[in-house]
There are 2 protein chains.
Amino acid sequence: MKPKISLVTLGVKDLEASTKFYKKLGFKEDENNDGIVFFKLQNLTLALFPREALANDAGVSEEGSGFRAFSLAHNVASAHEVDTSLNVAKKAGAKIIKTGHKASWGGYTGYFADPDGFLWEVAWNPFMEL
Amino acid sequence: MKPKISLVTLGVKDLEASTKFYKKLGFKEDENNDGIVFFKLQNLTLALFPREALANDAGVSEEGSGFRAFSLAHNVASAHEVDTSLNVAKKAGAKIIKTGHKASWGGYTGYFADPDGFLWEVAWNPFMEL
């Protein structure tokens, strides 16, 4: 397998609401086909798909709750940009989980949750190119 | 916010076992710092972090079970390559959730689960550049 992730698909409760949310973050809807919405990002594609449809597609039960044990990170060029990005997310309707703060590893970071509770970290990391 | 995802972080039960698994898929470990492992992929970074540490980092409860409501997709250039990739994953210890098959949308697809049950779709999509 080549070292790549082509798509991240989020299984959402309300496709319309989630699509609106990600548009407000500044992501551009690329395609909307058969109940799946694609946002072509700079480096990969983010897809939104109804939660039940995603479970069906994989052939797994859609039962599940609580911590999903993953996060998506959006890295930016400065601590200031972390704060402004969190603010954009808040205005779009995100829940701010952790406001911007100095991280133990030396950068600056905060977290927001999307309408389904999917965790996004917004971070400035001066030590890694991300 | 710029349209990008810099990192996908998976919160895993056994960091060593998961690291081995992703190396067997052909991903190259880039850094292993303070209990977080980074794989620099072609287009973004995949990070493995202990599940509890990820919950702590975000400041959320680590309670949760069942369907995580997301999948990662690995797109390849042909139906044959879907099958060979699923085979590589199987040999690495993945559970094959769905073997390669023609998809309703016209491509060819299958699913495997990593050691923590994270869902990966391996797909050939002749209609989208992914």
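These numbers come from a predicted model, not from an experiment. (Residues numbered from 1 in each chain as written. Chains lettered and ligands numbered in written order. Predicted model: local features only at pLDDT ≥ 70, side-chain atom pairs only at ≥ 80, totals over all residues. Heavy atoms only, no water.)

### Some details on the side chain of Glu 121 of chain B
- Among the structural elements, Glu 121 of chain B can be located in strand β9 (residues 119–124).
- It is Lys 98 of chain B that comes nearest to the buried, bridge-free Glu 121 of chain B among opposite-charge side chains, at 8.3 Å.
- Contact partners of Glu 121 of chain B, with chain neighbours within four places excluded, come to Asp 57 of chain A together with Leu 72, Ala 73, His 74, Trp 105, Thr 109, Gly 110 and Tyr 111 of chain B. (Helix = DSSP H or I, 4+ residues; strand = E, 2+ residues; numbered from the N terminus. Buried < 20%, exposed > 50% of the residue type's maximum accessible area, 1.4 Å probe, protein only. Lys, Arg positive; Asp, Glu negative; His and termini not counted. Salt bridge = Lys/Arg side-chain N within 4 Å of Asp/Glu carboxyl O. Contact = heavy atoms within 4.5 Å.)

### Description of the sheet that holds strand β4 (residues 45–50) of chain A
- If you walk across this open sheet you meet the eight strands as β2(A)-β3(A)-β4(A)-β1(A)-β6(B)-β9(B)-β8(B)-β7(B), and the pairing is mixed. Where the open sheet ends on each side, the last strands, each with one partner, are β2 (29–33) of chain A together with β7 (95–102) of chain B. Strand-to-strand, the axes of this sheet are offset by a mean angle of 20 degrees, without reference to chain direction.
- When strand β6 (residues 70–75) of chain B meets β9 of chain B, the two strands line up parallel, connected through four bridges. Opposite His 74 of chain B, over in β9 of chain B, you have Val 122 of chain B as the bridge partner.
- Helix α2 (residues 51–58) of chain A contacts β1 (7–12) and β4 of chain A together with β6, β7, β8 (108–113) and β9 of chain B of the sheet and is inclined by roughly 100 degrees relative to β4 of chain A. (Pairing = 2+ DSSP bridges. Axes fitted to C-alpha atoms, helices over the stretch in contact; angles between N-to-C directions.)

### A look at helix α1 (residues 15–24) of chain B
Residue and element names in this part refer to chain B.
- By the burial criterion, the buried members of α1 are Leu 15, Ser 18, Thr 19, Phe 21 and Tyr 22. All buried residues of α1 lie within an arc of 160 degrees about the axis, which places them on one face of the element. Turned more than 90 degrees away from the buried face of α1 sit Glu 16 and Lys 24, all of them exposed.
- You can read the cap of α1 off the contacts: a side-chain oxygen lies 3.2 Å from the backbone nitrogen of Glu 16, and it is on Asp 14.
- A positive phi of about 110 degrees marks Gly 26, the residue just after α1. (Arc of directions from axis to C-beta. Polar contact = N/O pair within 3.5 Å; in protein donor to acceptor, adjacent residues only side chain to side chain.)

### Some details on the domain arrangement of chain A
Residues and elements named next belong to chain A.
- Split by domain assignment, chain A resolves into domain 1 (7–58) and domain 2 (72–124).
- For domain 1 versus domain 2, the distance between C-alpha centres works out to 20 Å.
- In this assembly, twelve residues from domain 1 lie in contact with twelve residues from domain 2.
- Regarding the contact of domain 1 and domain 2, the summed buried area is about 1,000 Å², with carbon and sulfur atoms giving 72% of it.
- Inspection of the region where domain 1 meets domain 2 yields zero salt bridges. (Domains from an automatic or database assignment. Buried area = accessible area lost by both parts, 1.4 Å probe.)

### Brief notes about the sheet that holds strand β2 (residues 29–33) of chain B
- Pairing within the open sheet is mixed, and its eight strands lie in the order β7(A)-β8(A)-β9(A)-β6(A)-β1(B)-β4(B)-β3(B)-β2(B). The strands lining the two open edges of the sheet, one partner per strand, are β7 (95–102) of chain A together with β2 of chain B. Taking the axes of each pair of neighbouring strands and ignoring which way they run, one obtains an average angle of 20 degrees across the sheet.
- In the sheet, strand β3 (residues 36–40) of chain B pairs with strand β4 (residues 45–50) of chain B via four bridges, with the strands oriented antiparallel. Across the sheet, Val 37 of chain B pairs through a bridge with Leu 48 of chain B, a residue of β4 of chain B.
- On top of the sheet, helix α3 (residues 79–92) of chain A reaches β6 (70–76), β7, β8 (108–113) and β9 (119–124) of chain A; it is set at about 10 degrees to β8 of chain A, its chief contact.
- Its contacts with the sheet put α1 of chain B on β1 (7–12), β2, β3 and β4 of chain B, and the angle it makes with β4 of chain B is roughly 155 degrees.

### What to know about the interface of chain A and chain B
- The partner chain B presents 58 residues to the 58 residues of chain A that form the contact.
- Summing both sides of the interface, chain A and chain B together bury roughly 5,400 Å²; the carbon and sulfur share of this comes to 60%.
- Of all residues in chain A, the largest losses of buried area upon contact with chain B belong to Met 1, Ile 5 and Phe 67 of chain A, amounting jointly to 17% of the total for that side.
- Taken together, the connections running from chain A to chain B amount to 28 residue pairs in polar contact (both at pLDDT 80 or more).
- For the side of chain A that touches chain B, the per-class residue count stands at 29 nonpolar, 17 polar and twelve charged.
- Direction of pairing for β1 of chain A relative to β6 of chain B: antiparallel, over a ladder of four bridges. (Nonpolar A, V, L, I, M, F, W, Y, C, P; charged D, E, K, R; others polar.)

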